[in-house]
Amino acid sequence: FHFRHKIGQRGELLCDLLGQLPGRYEIPESYADFTALGWVYSGDDTKEIQPESFSEGESFEKDGNQITVDIANPDTTAKPVAECLIGGIHIDTSTAEGQNIYVGLPNGVTLQQSLMEDVESIYGAPKDRYEADTSVQFTYEYGLYQTITLGFDNKTGILYSLDMQNFTTTADAEACTITPK
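Residues numbered from 1 in each chain as written. Predicted model: local features only at pLDDT ≥ 70, side-chain atom pairs only at ≥ 80, totals over all residues. Heavy atoms only, no water.

What follows is about the overall build of the chain. When helices and strands are counted, the chain shows two helices and 16 strands. Within the chain, the fraction of its 181 residues that count as buried is 45%. Counting only contacts in the chain whose residues sit at least 6 apart along the sequence, the fraction spanning at least 24 positions is 49%. Total accessible area on the chain is roughly 9000 Å²; 47% of this is exposed by carbon and sulfur atoms. (Helix = DSSP H or I, 4+ residues; strand = E, 2+ residues; numbered from the N terminus. Buried < 20%, exposed > 50% of the residue type's maximum accessible area, 1.4 Å probe, protein only. Contact = heavy atoms within 4.5 Å. Areas by Shrake-Rupley, 256 points an atom, 1.4 Å probe, with all protein chains shown as cover.)

See below:
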């Protein structure tokens, strides 16, 4: 699978998803297209999302794998979840539901394998670096409402989480895409 995300002057960031996530995804992706790929929403898809807003941390499950997503409503009227967009995907391999998801990023960086210092050496300093007791987060921004955050275990330094958001919906915006390998 490939995530495609426009990075301005630096070109595209490509990520290979390895594991149990077959299909083609584009972020933002319509709820209908996302669920047509077999993802099951754990919430109520008739719940309304307010105009020009989003709901974070919504759970979806497929074949024993669980991810959380951000459901966005870019329109000027309230809409049910089923008529909104998937604007973000969050993968956390420290959970049982995320253990079987591996993500291969460009230049040999791999979720659940690569070390923090190697990632920073390869991709450069992040726009934001946040250190907590158990983790370090690198955030890279590539445009308005377009971010990728990489999470590292503070003890081992291993990359364990990926958060990708793209709330840009204009016709000239580059979408984040996952396509089969």
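Let us look at the pattern of salt bridges. Under the counting rule described, the total for this entry stands at four salt bridges. Where Arg129 meets Glu120, a salt bridge forms, and the shortest distance between an N and an O atom there is 3.2 Å. Given a relative accessible area of 37%, Arg129 falls into the partly exposed group. By relative accessible area, Glu120 is classed as partly exposed at 26%. (Salt bridge = Lys/Arg side-chain N within 4 Å of Asp/Glu carboxyl O.)

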